[in-house]
Amino acid sequence: MSRTILTYGTFDMFHIGHLKLLKRLSMLGDKLIVAVSSDEFNEIKGKKTIIPYAQRAEIVEAIKYVDMVIPENDWKQKVIDIKKYNVDTFAMGHDWEGKFDELKEYCKVVYLPRTEGISTTALKQQLNKISEINIEDINKAFEILQRLKSDFE
Ligand code: C2G
């Protein structure tokens, strides 16, 4: 009997943490279905994504561990998806530990350890820091370089 695994996520700015999770999920069964959060649903979740849904879904679909991608549009669709795709195991990273235990009525529920040291939030913060280097600083640096250049000519 083939075992279907189901997970949900935003997968914005796809990184190694996402990849390692999908790899480990694929080892739990024969078919991995990933529900990628729509842009509208992320607004409901209070999450602002950098990469739009269509691209996030295409990236996840291209991952060799993933067999199928479906859209995640609301919190309530999980039970419907579990029944529709005859899911054997529902699984998430452990930052969701205990949050979906009510699904144990329908299938196995598993929380896997997250990959430490990487997150989309942290990537966004780093990008913000870089963009904070304002133009003024850049101009100052440029002036100094020009003066240095003229000193050596
Ligand atoms: N993840 C991980 N290691 C990281 C970062 C993320 O294992 N360093 C896992 C998360 O635990 C999650 C999955 O990658 O299981 C996707 O993470 P997000 O894109 O942040 O998903 P989220 O916005 O939490 O959406 O209905 C549930 C929600 O859609 C979950």
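Structure shown above.
Being a predicted model, the structure only gives us computed values, none of them experimental.

Observations regarding the side chain of Gln-77
At step 1: Along the chain, the position of Gln-77 falls in helix α4 (residues 77-84).
At step 2: Not counting the four nearest positions on each side in its chain, Gln-77 is found in contact with Tyr-8, Pro-71 and Glu-72.

Let's talk about the side chain of Ser-37
At step 1: Locating Ser-37 in the fold gives a position in strand β2 (residues 31-37).
At step 2: In contact with Ser-37, not counting residues within four places along its chain, are Gly-9, Thr-10, Asn-42, Lys-45, Tyr-53, Arg-56 and Glu-72.

Side note on a nonpolar patch on the surface
At step 1: On the surface, a nonpolar cluster with roughly 450 Å² of combined accessible area is contributed by Ile-144, Leu-145, Leu-148 and Phe-152.
At step 2: If you trace the backbone, Phe-152 turns up in helix α6 (residues 135-152).

Concerning helix α1 (residues 16-26)
At step 1: Those residues of α1 that fall on the buried side of the exposure criterion are Gly-17, His-18, Leu-21, Leu-22, Leu-25 and Ser-26. In a view along the axis of α1, the buried residues occupy a sector of 165°, so they form one face of it.
At step 2: In this fold, the buried residues of α1 make contact with β1 (4-9), β2, α3 (53-61), β4 (89-93), β5 (108-112) and α5 (120-132).

Some thoughts on the pattern of salt bridges
At step 1: According to the stated counting rule, one finds 9 salt bridges in the structure shown.
At step 2: With its nearest N and O atoms 3.6 Å apart, the salt bridge here joins Lys-124 to Asp-12. Residue Lys-124 is found in helix α5, and its partner Asp-12 is found in the loop between β1 and α1; the two are separated by 112 residues along the sequence.
At step 3: A relative accessible area of 3% places Asp-12 in the buried class.
At step 4: A salt bridge links Asp-101 to Lys-104, with the shortest nitrogen-to-oxygen separation between them at 3.9 Å.
At step 5: Judged by relative accessible area, Asp-101 falls into the partly exposed class, the value being 31%.

A look at the site of the ligand
At step 1: The local shell around the ligand holds 21 residues, among which Lys-47, Glu-72, Asp-95, Thr-115 and Ile-118 are the closest.
At step 2: Within the contact set of the ligand, an oxygen atom lies 3.3 Å away from a side-chain nitrogen or oxygen of Ser-37.
At step 3: The backbone of Ile-118 places a nitrogen or oxygen atom 2.6 Å from a nitrogen atom of the ligand.
At step 4: In isolation the ligand has 640 Å² of accessible area, and contact with the protein removes 96% of it.
At step 5: Broken down by secondary-structure element, the contributors of at least two residues to the shell around the ligand are β1, α1 and β4.

Conventions and cut-offs
Residues numbered from 1 in each chain as written. Predicted model: local features only at pLDDT ≥ 70, side-chain atom pairs only at ≥ 80, totals over all residues. Heavy atoms only, no water. Helix = DSSP H or I, 4+ residues; strand = E, 2+ residues; numbered from the N terminus. Contact = heavy atoms within 4.5 Å. Patch = residues over 30% accessible without salt bridge, like charges linked within 9 Å, V, L, I, M, F, W, Y side chains within 5 Å. Areas by Shrake-Rupley, 256 points an atom, 1.4 Å probe, with all protein chains shown as cover. Salt bridge = Lys/Arg side-chain N within 4 Å of Asp/Glu carboxyl O. Buried < 20%, exposed > 50% of the residue type's maximum accessible area, 1.4 Å probe, protein only. Arc of directions from axis to C-beta. Near = heavy atom within 4 Å. Polar contact = N/O pair within 3.5 Å; in protein donor to acceptor, adjacent residues only side chain to side chain.

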